[in-house]
Amino acid sequence: DVKVTQSSRYLVKRTGEKVFLECVQDMDHENMFWYRQDPGLGLRLIYFSYDVKMKEKGDIPEGYSVSREKKERFSLILESASTNQTSMYLCASRRHHFYSNQPQHFGDGTRLSIL
Amino acid sequence: AQKITQTQPGMFVQEKEAVTLDCTYDTSDQSYGLFWYKQPSSGEMIFLIYQGSYDEQNATEGRYSLNFQKARKSANLVISASQLGDSAMYFCAMREGSNAGGTSYGKLTFGQGTILTVHP
């Protein structure tokens with residue numbers, strides 16, 4: 001089974017802090033994704049990476065950046081956290097964009113609160 | 001414009017009965033795919049079923065089936081013989097065609113979700 005591990009289930013940070021959310025997958029997947037989930041809005045794509053050191057903006061990239069130095073690890077960075085970034089963050093991976101009928105596999109999520 | 005619409009914020013069903021969760025989508029692509037995920041209260045997203053736009057048969061996976069009506073742009077999830085463990089949030093998601101380089105192929109757009117509650 002694919003395992004996608006997010007470093008924290010719950011995180012509390014202060015406004016203005018630089019926040020790192022880490023995600024690791026163990027199945028040698030090419031593609032990785034970061035989403036945020038808010039009530040009534042579903043999941044919205046922040047950034048994704050189709051290969052090591054590659055990244056593309058999703059639908060809501062403002063205020064975020066990402067890093068993918070190794071294939072198995074995809075980090076989401078909140079450069080200067082703000083209260084409107086309080087949300088549930090979900091990481092996902094998928095084998096390769098050529099296999100687009102394959103599902104994305106998700107981590108358990110990180111509930112981030114910015115005070 | 002909303003690409004994926006789930007119009008039912010909440011649904012209730014009696015244990016052992018069937019339930020249909022609605023999903024409509026909007027795309028101009030000929031090649032696309034539709035996914036359903038389940039999210040229990042614990043938070044993890046569980047893949048349930050996939051339907052490709054060129055698939056002639058409706059997808060089925062155990063108690064889950066997808067009622068795919070291409071002309072109406074709907075992809076409703078049918079859960080037969082509901083169980084208490086089916087109580088969760090359910091998301092419909094669409095994968096559209098690729099960009100010029102192909103690397104965006106497979107990006108998912110999610111609906112707002114439907115909370116299903118199964119009563120004993």
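Scroll up to find the structure.
Below, the structure is looked at part by part.

### Details of the overall build of chain B
Consideration 1: Within chain B, the secondary structure is distributed over zero helices and 12 strands.
Consideration 2: When the helices and strands of chain B are placed in sequence order, the string is β-β-β-β-β-β-β-β-β-β-β-β.
Consideration 3: For chain B, whose C-alpha radius of gyration is 14 Å, the value lies close to the compact-globule estimate of 14 Å for 120 residues.
Consideration 4: Counting only C-alpha atoms and orienting by the principal axes, one finds that chain B spans roughly 50 × 30 × 25 Å.
Consideration 5: Considering chain B as a whole, with its 120 residues, one finds that 48% of them fall into the buried category.
Consideration 6: Within chain B, counting contacts between residues at least 6 apart in sequence, those at least 24 apart form 57% of the total.
Consideration 7: Carbon and sulfur atoms make up 49% of the accessible area of chain B, which totals about 5,600 Å².

### Some thoughts on the sheet that holds strand E3 (residues 19-25) of chain A
Residue and element names in this part refer to chain A.
Consideration 1: Strand order across the open sheet formed by four strands is E1-E3-E8-E7, with antiparallel pairing between neighbours. Looking at strand neighbours, the two that pair on one side only are strand E1 (4-6) and strand E7 (64-70), the edges of this open sheet. Averaged over all pairs of adjacent strands, the angle between their axes in this sheet comes to 20°, without regard to strand direction.

### Let's talk about the state of the cysteines
Consideration 1: Under the criterion given, the structure shown has two disulfides over all chains.
Consideration 2: Here Cys23 of chain A pairs with Cys91 of chain A through a disulfide, and the sulfurs are 1.9 Å apart. Between Cys23 of chain A and Cys91 of chain A, the disulfide has an S-S torsion of -75° and is therefore left-handed. Here the residue Cys23 of chain A occupies a position in strand E3, and Cys91 of chain A occupies one in strand E9 (residues 87-94), the gap between them amounting to 68 residues.
Consideration 3: On the accessibility criterion, Cys91 of chain A (0% relative accessible area) is buried.
Consideration 4: The side chain of Cys23 of chain B participates in a disulfide bridge whose partner is Cys92 of chain B; the two sulfur atoms lie 2.0 Å from each other. Given an S-S torsion of about -65°, the disulfide between Cys23 of chain B and Cys92 of chain B has left-handed geometry. Residue Cys23 of chain B is located in the loop between strand E3 (19-21) and strand E4 (24-25), and its partner Cys92 of chain B is located in strand E10 (residues 88-95); the two are separated by 69 residues in the primary sequence. Across this residue pair, the class does not change: Cys23 of chain B and Cys92 of chain B are buried.

### Section: the pattern of salt bridges
Close approach of charged atoms allows side chains of opposite charge to pair.
All names here are of chain A.
Consideration 1: One pass over the full model with this rule turns up nine salt bridges over all chains.
Consideration 2: Between Asp28 and Lys71 there is a salt bridge, with its nearest N and O atoms 3.0 Å apart. In this pair, Asp28 is assigned in the loop between E3 and strand E4 (31-38) and Lys71 in the loop between E7 and strand E8 (73-78), connecting sequence segments 43 residues apart.
Consideration 3: Assessed through its relative accessible area of 53%, Asp28 is described here as exposed.
Consideration 4: One salt bridge in this structure joins Glu30 and Lys71, with 3.0 Å as the shortest N-O distance. In this pair, Glu30 is assigned in the loop between E3 and E4 and Lys71 in the loop between E7 and E8, connecting sequence segments 41 residues apart.
Consideration 5: Judged by relative accessible area, which is 18%, Glu30 ranks as buried.
Consideration 6: Assessed through its relative accessible area of 21%, Lys71 is described here as partly exposed.
Consideration 7: Beyond isolated ion pairs, a larger network of salt bridges with shared partners links Asp28, Glu30 and Lys71.

About the thresholds
Residues numbered from 1 in each chain as written. Chains lettered and ligands numbered in written order. Predicted model: local features only at pLDDT ≥ 70, side-chain atom pairs only at ≥ 80, totals over all residues. Heavy atoms only, no water. Helix = DSSP H or I, 4+ residues; strand = E, 2+ residues; numbered from the N terminus. Rg over C-alpha atoms; globule rule 2.2 N^0.38 Å. Buried < 20%, exposed > 50% of the residue type's maximum accessible area, 1.4 Å probe, protein only. Contact = heavy atoms within 4.5 Å. Areas by Shrake-Rupley, 256 points an atom, 1.4 Å probe, with all protein chains shown as cover. Pairing = 2+ DSSP bridges. Axes fitted to C-alpha atoms, helices over the stretch in contact; angles between N-to-C directions. Disulfide = S-S within 2.5 Å. Salt bridge = Lys/Arg side-chain N within 4 Å of Asp/Glu carboxyl O.

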